[in-house]
Amino acid sequence: MNKILWDIIIVGSGPAGSFCGRILSSAGLKVLVLEKHKFPRFKPCGGFLTKRALNISGFSSNIPQIQEIAEVRFFFNNKFLYTIKLEDTLYAIKREKFDFFMKNQAEKCGTKVLENSNVVDYLEENGSIKVKTSNGGEFKSKVLIGADGAGSIISKRLGCRFHCNFATLLSETKDCQENKPVASFDFGIVPSGYKWTLSGDGCSSSGYYFLGPVNQKILTGNKLFLIPSYRKGRLSRNNILIIGDAGGLTEPFLGEGDRKSTRLNSSHIPLSRMPSSA
């Protein structure tokens, strides 16, 4: 077992885990992030980022390949309804690059990130927490934070349950004529949901978002990704807490979670109550 006693172990290096690690490391705490994937990695996501989330992240001018969305178009059953022009409101990002950037920023602030480290269990013992990974690693900390996304092992162990599971379905990127980022939402295509499209730079990505029963015909040949929401249960117990998608902290209509993930800035984390590394 690794003999270092970490102040904080964070499971997952998505936006919630990386942002939290950056803030805690900047406060002088000894932080370890255990990430099951090797970055950069593919992340199923529409790629929308709100201005509010961008401001909270603190990196509005440095995020790679971020583009401002010029307009949002609305349709019903493939029939155009109207367009809303936007200015400094909504942005398009590539999640694999955004998440990689956020992880790197956490590391620059002193966070230790171990990739290919899939957490499979943890044990509370004598006021500390022992975390185990699938490759035989064992790590010890004073506090454990679960930021391991939908299907979080930490939230399951805490007894956290989700009232509803929403699902988003991603299609392949296709060539298009749009150069500036444009978002489109088509209601009526699927019951209790909509089709979204994000176009720009000569390509587009699209998918379906279901707020009710999933249309099985649309699933043919495609993969379904679950988005937890409407949390039931506690987000914390003793020295363990869950954040981001792991806690179902998503906006239910859009499934957007980055804004809530990055709400954990220095004014929201009770740093005075965190364990000292001294």
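Computed from a predicted model, the values in this text were never measured in an experiment.

**Student:** An account of the sheet that holds strand E3 (residues 48–50) is needed here, citing residue identities and associated values.
**Tutor:** Each strand in a sheet pairs with its neighbour through backbone hydrogen bonds, running either in the same direction (parallel) or in the opposite one (antiparallel). In space, the three strands of this open sheet follow the order E3-E7-E4, with antiparallel pairing throughout. Each edge of the open sheet carries a strand with a single partner, namely E3 and strand E4 (67–68). Two strands pair when backbone bridges link them, and E4 and strand E7 (residues 90–92) are joined in this way by two bridges, in the antiparallel orientation. By the bridge assignment, Glu68 is partnered in E7 with Tyr91.

**Student:** Quick rundown of unusual backbone geometry? Include the residues and the values.
**Tutor:** Here the amide bond leading from Phe39 into Pro40 is cis, since omega sits at -10°, within 30 degrees of zero. The phi dihedral of Asn116 is positive, around 55°, even though this residue is not glycine. When you line up the elements, Asn116 lands in the loop between strand E8 (112–114) and strand E9 (119–125). Despite not being glycine, Asn126 has its phi angle at roughly 50°, a positive value. Tracing the backbone shows Asn126 in the loop between E9 and strand E10 (128–133). Judged by its relative accessible area of 85%, Asn126 is exposed.

**Student:** Hey, could you go over the packing of aromatic side chains for me, with residue numbers and the actual values?
**Tutor:** Under the defined criterion, the tally for this structure stands at eight aromatic pairs. Residues Phe48 and Trp196 carry aromatic rings whose centres are separated by 6.2 Å and whose planes lie at 80° to one another, so their mutual orientation is edge-to-face. One end of the pair, Phe48, is in strand E3; the other, Trp196, is in strand E15 (residues 193–200), with 148 residues separating them in the sequence. Residue Phe48 is classed as buried on the basis of its relative accessible area of 18%. Ring geometry for Phe74 versus Tyr82: centroids 5.1 Å apart, planes at 35°, classification tilted. Residue classification places Tyr82 among the partly exposed residues on the basis of a relative accessible area of 44%. An aromatic cluster is present here, built from Phe48, Phe74, Tyr82, Phe185, Phe187, Tyr194, Trp196 and Tyr209 joined pairwise through their rings.

**Student:** Would you mind going over helix H1 (residues 15–26) in detail, with residue names and values included?
**Tutor:** Taking 1.5 Å of rise per residue, the 12 residues of H1 would be expected to cover 16 Å, and the 16 Å separating its terminal C-alpha atoms lies within 8% of that figure. Following H1 by one or two positions, Gly28 has its phi on the positive side, about 95°.

**Student:** Could you give me a rundown of the confidence of the model for the chain, with the residues and numbers involved?
**Tutor:** Note: predicted coordinates in regions of low pLDDT should not be interpreted at a detailed level. This prediction gives the chain a mean pLDDT of 80; 76% of its residues lie at or above 70. Here residues 264–268 is modelled with pLDDT under 50, and outside its nearest four sequence neighbours on either side it reaches 10 contacts, counting other chains as well.

**Student:** Now, about the nonpolar core: what can you tell me, with residues and values included?
**Tutor:** Residues Ile9, Leu34, Tyr122, Val131, Leu144, Ile154 and Ile240 are the most contacted members of the largest nonpolar core, which totals 17 residues. Those elements giving two or more residues to this core turn out to be strand E1 (5–11), strand E2 (31–34), E9, E10, strand E11 (138–146), helix H4 (153–158) and strand E19 (240–242).

**Student:** Account for the packing of H1 against helix H3 (residues 95–108), naming residues and giving values.
**Tutor:** Running from N to C, H1 and H3 cross one another at 20°; their axes reach a closest spacing of 8 Å. In terms of orientation, H1 lies roughly parallel with respect to H3. Crossing handedness for the pair H1 and H3: left-handed. Residues Pro15, Ser18, Phe19 and Arg22 of H1 touch H3, and the partners they reach there are Arg95, Phe98, Asp99, Met102, Lys103, Gln105 and Ala106.

Calculation criteria
Residues numbered from 1 in each chain as written. Predicted model: local features only at pLDDT ≥ 70, side-chain atom pairs only at ≥ 80, totals over all residues. Heavy atoms only, no water. Pairing = 2+ DSSP bridges. Helix = DSSP H or I, 4+ residues; strand = E, 2+ residues; numbered from the N terminus. Buried < 20%, exposed > 50% of the residue type's maximum accessible area, 1.4 Å probe, protein only. Phe/Tyr/Trp six-rings, centres within 6.5 Å; stacked < 30°, edge-to-face > 60°. Expected span 1.5 Å × (residues − 1). pLDDT = per-residue confidence, 0-100. Contact = heavy atoms within 4.5 Å. Core = buried A, V, L, I, M, F, W, Y, C linked by side-chain atoms within 4.5 Å. Axes fitted to C-alpha atoms, helices over the stretch in contact; angles between N-to-C directions. Parallel < 35°, antiparallel > 145°, perpendicular 65-115°, else oblique. Left-handed = near helix turned anticlockwise from the far one by under 90°.

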